[in-house]
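Chain by chain, the residues:
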Amino acid sequence: MRKLILAFAIFGAFQTQAQSLKDAIKLSDNEQFYAATRAFRNLIQQEPTVGENYFYMGENYFKSEKLDSAQIAYNKGAEINPTNPINFVGLGKVQWYSGKFDDAKQNFTKAQTLSANKNALVLMKIAECYTQADKKDIMTAFSLLTAAAKLEPKNAEVYILTGDAYLENNNDGSNAIKNYEKAAELDKSSVKAILRIGQLYGRARNYNLALDYYKKAALIDSTFAPAYREQGELYYMAKQYNIAKAKYKRFLELSSNNLDARTRYASFLFLSKEYSNSIAEIKEIQKLDTSSNILNRLLSYAYYETGDFSNGLSKSNTF
């Protein structure tokens, strides 16, 4: 279940270079959440009555696990443009993830009614919720995605979501990869489809082929942060810690420096015997969040390796 984080102001003045909605969505898909937030704020300043701007800003917050901020964005979009169904999907999604299933279904139904079930995005986003949330409804997701594919048969995202649904349906990798490959065929630039294929091979423990697809995704779009994270994980499994460290560093440069990723990077630094750098990274993380006890243990080991036994013992005791 995604954690609730207190919302913060999202509609204040902010100067950024003009970007299209497509550009802002790409930043969010690339997990460049802070840059995406700035882009969406700028779009809202330029086009304050466009409901999709608020929805995708909410999606950006949702992906970075800020449900309260996501809800504010969806609410504002529904208030500004009440005839646009998409923000009601967003509100329903927050409710579904929060365990308010009846309320969520009411908002989903409202969105479908407003769109007369003729809006593929509405159907896809409801299906995505039913597929990815802890409480799933895969059969309804399949029905919605089938309807979406009839409306937009050349929309690659429909097939990516369908592949995801198959994976959640008894781990049906065969049908999942068919849909991911269909998405990649429809959109040659779809790094998301290529990433999914790589992840599927990774699940099947075909790590060499998985790595090939992650590298292919990075070649298609060198700013696609998840491709570097996945490469880092594979190199870590192969105990090639220096390469894993380099891939994770690139991921952090591109992404929002989320704390989980930074913790992983600190571990790679330690395993690469860069103990002083690992200590420095952990200290920076602990300025923001001291809740990870794993970091105390890692810090104690790193201090011992550098000969700082006093701090090593202190952190060991803290652990």
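That block above? That's the structure.
Read on for a plain summary of the structure. Fair warning: this is a prediction, and the values are worked out from it, not measured in the lab. (Residues numbered from 1 in each chain as written. Predicted model: local features only at pLDDT ≥ 70, side-chain atom pairs only at ≥ 80, totals over all residues. Heavy atoms only, no water.)

**A word on the overall build of the protein chain**
Counting secondary structure elements, the protein chain contains 18 helices and zero strands. Buried positions account for 47% of the 319 residues belonging to the protein chain. Of the contacts made within the protein chain by residues no fewer than 6 positions apart, 51% connect residues no fewer than 24 positions apart. Total accessible area computed for the protein chain in this model is approximately 15,700 Å², and 49% of it derives from carbon and sulfur atoms. (Helix = DSSP H or I, 4+ residues; strand = E, 2+ residues; numbered from the N terminus. Buried < 20%, exposed > 50% of the residue type's maximum accessible area, 1.4 Å probe, protein only. Contact = heavy atoms within 4.5 Å. Areas by Shrake-Rupley, 256 points an atom, 1.4 Å probe, with all protein chains shown as cover.)

**Thoughts on unusual backbone geometry**
Even without glycine at this site, Ala 116 takes up a positive phi of about 55°. Positionally, Ala 116 belongs in the loop between helix H6 (101-115) and helix H7 (120-132).

**Some points on helix H14 (residues 241-254)**
For an α-helix, 3.6 residues make a turn, and residues three or four places apart therefore share a direction. The end-to-end C-alpha separation of H14 is 20 Å, in line with the 20 Å expected for 14 residues at 1.5 Å each. Along H14, the residues classified as buried are Ala 244, Lys 245, Tyr 248, Phe 251, Leu 252 and Leu 254. (Expected span 1.5 Å × (residues − 1).)

**Looking at the environment of Ile 220**
Relative to the helices and strands, Ile 220 resides in helix H12 (residues 207-220). Residue Ile 220 is classed as partly exposed on the basis of its relative accessible area, which comes to 33%. Sequence separation of Ile 220 and Val 191 is 29 residues, and the distance between their C-alpha atoms is 6.7 Å. Ignoring sequence-local partners within four residues, the contact set of Ile 220 consists of Lys 188, Ser 189, Val 191 and Ile 194.

**Quick word on the packing of aromatic side chains**
Using the criterion set out here, one finds 11 aromatic pairs in the structure. Where Phe 62 meets Tyr 97, the ring centres are 4.9 Å apart and the plane angle is 85°; that geometry is what we call edge-to-face. A residue pair is termed long-range when its members are at least 10 positions apart, and Phe 62 in helix H3 (residues 51-63) and Tyr 97 in helix H5 (residues 86-97) qualify at 35 residues. Each member of the pair Phe 62 and Tyr 97 is classed as buried. Plain terms: the ring middles of Trp 96 and Tyr 130 are 4.9 Å apart, the flat faces sit at 75° to each other, and that makes the pair edge-to-face. Here Tyr 130 lies in helix H7 and Trp 96 lies in helix H5, a separation of 34 residues in the sequence. Like Trp 96, the residue Tyr 130 is buried in the burial classification. A cation over a ring is seen here: Lys 135 above Phe 101, with NZ or CZ 5.2 Å from the ring centre. (Phe/Tyr/Trp six-rings, centres within 6.5 Å; stacked < 30°, edge-to-face > 60°. Lys NZ or Arg CZ within 6 Å of the ring centre and 35° of its normal.)

Keep in mind these numbers describe shape, not what the thing actually does.
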